[in-house]
Amino acid sequence: MNRRQREKFIPSTWIIAAKQSEAHAYYVLYAIDWKRGGRLSWEGWHLLEDLLQFHIPIKRKAGGRKTSSQPAAKIAKHALFLHLNEAQFEELERLFYQPFSKKRWRVLFKSTR
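In what follows, the accompanying structure is described. What you are looking at is a predicted structure, and each value in this text was computed from that prediction instead of being measured.

The rules we used
- Residues numbered from 1 in each chain as written.
- Predicted model: local features only at pLDDT ≥ 70, side-chain atom pairs only at ≥ 80, totals over all residues.
- Heavy atoms only, no water.
- Core = buried A, V, L, I, M, F, W, Y, C linked by side-chain atoms within 4.5 Å.
- Buried < 20%, exposed > 50% of the residue type's maximum accessible area, 1.4 Å probe, protein only.
- Helix = DSSP H or I, 4+ residues; strand = E, 2+ residues; numbered from the N terminus.
- Contact = heavy atoms within 4.5 Å.
- Salt bridge = Lys/Arg side-chain N within 4 Å of Asp/Glu carboxyl O.

**Comments concerning the nonpolar core**
- Ile15, Ala17, Tyr30, Leu84, Phe89, Leu92 and Trp105 are the most contacted members of the largest nonpolar core, which totals 15 residues.
- Listing elements by their share of this core, those giving two or more residues are β1 (13-20), β2 (25-33), β6 (80-84), α4 (86-96) and α5 (102-112).
- Those residues in contact with Trp105, other than ones at most four positions away along the chain, are Ile15, Ile32, Trp34, Leu92, Leu95, Phe96 and Phe100.
- Counting 14 residues, the second-largest nonpolar core is a separate cluster that includes Ala18, Leu29, Trp42 and Ala72.

**Some details on the pattern of salt bridges**
- Tallied over the full model, the rule gives two salt bridges.
- Glu86 serves as the salt-bridge partner of Lys19, at 3.8 Å between the closest nitrogen and oxygen. With Lys19 in strand β1 and Glu86 in helix α4, this pair connects stretches of sequence that are 67 residues apart.
- In this structure, Glu91 engages Arg94 in a salt bridge whose closest nitrogen and oxygen atoms are separated by 2.5 Å. Taken as a pair, Glu91 and Arg94 lie in helix α4 at a separation of three residues, close to a single helical turn.
- Overall, the relative accessible area of 28% leaves Glu91 in the partly exposed class.

The following block contains the structure:
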């Protein structure tokens with residue numbers, strides 16, 4: 001894999017996490033690239049409809065400068081949709097910002113289903 005290919009972020013896992021708090025839900029979109037160890041997140045939606053209308057910037061080529069956007073509604077078809085409580089959401093946030101461990105992620109996915 002050359003330098004440009006390493007720099008390109010290609011998400012292999014999409015996660016839509018919904019945290020239900022007292023009065024409303026809170027939605028977060030996560031993208032994980034397992035091969036290169038990259039991760040991105042977008043957060044701050046209180047309505048699922050608003051999240052699905054969000055356009056996610058995606059690079060067209062490895063190392064390319066041109067980007068296009070893709071609506072989150074297309075990604076939602078392939079995403080893992082997790083309904084989390086406060087403790088599970090904090091665990092997801094903690095895992096997201098630590099070095100990758102596929103074993104920990106599998107344990108989290110099993111506990112949320």
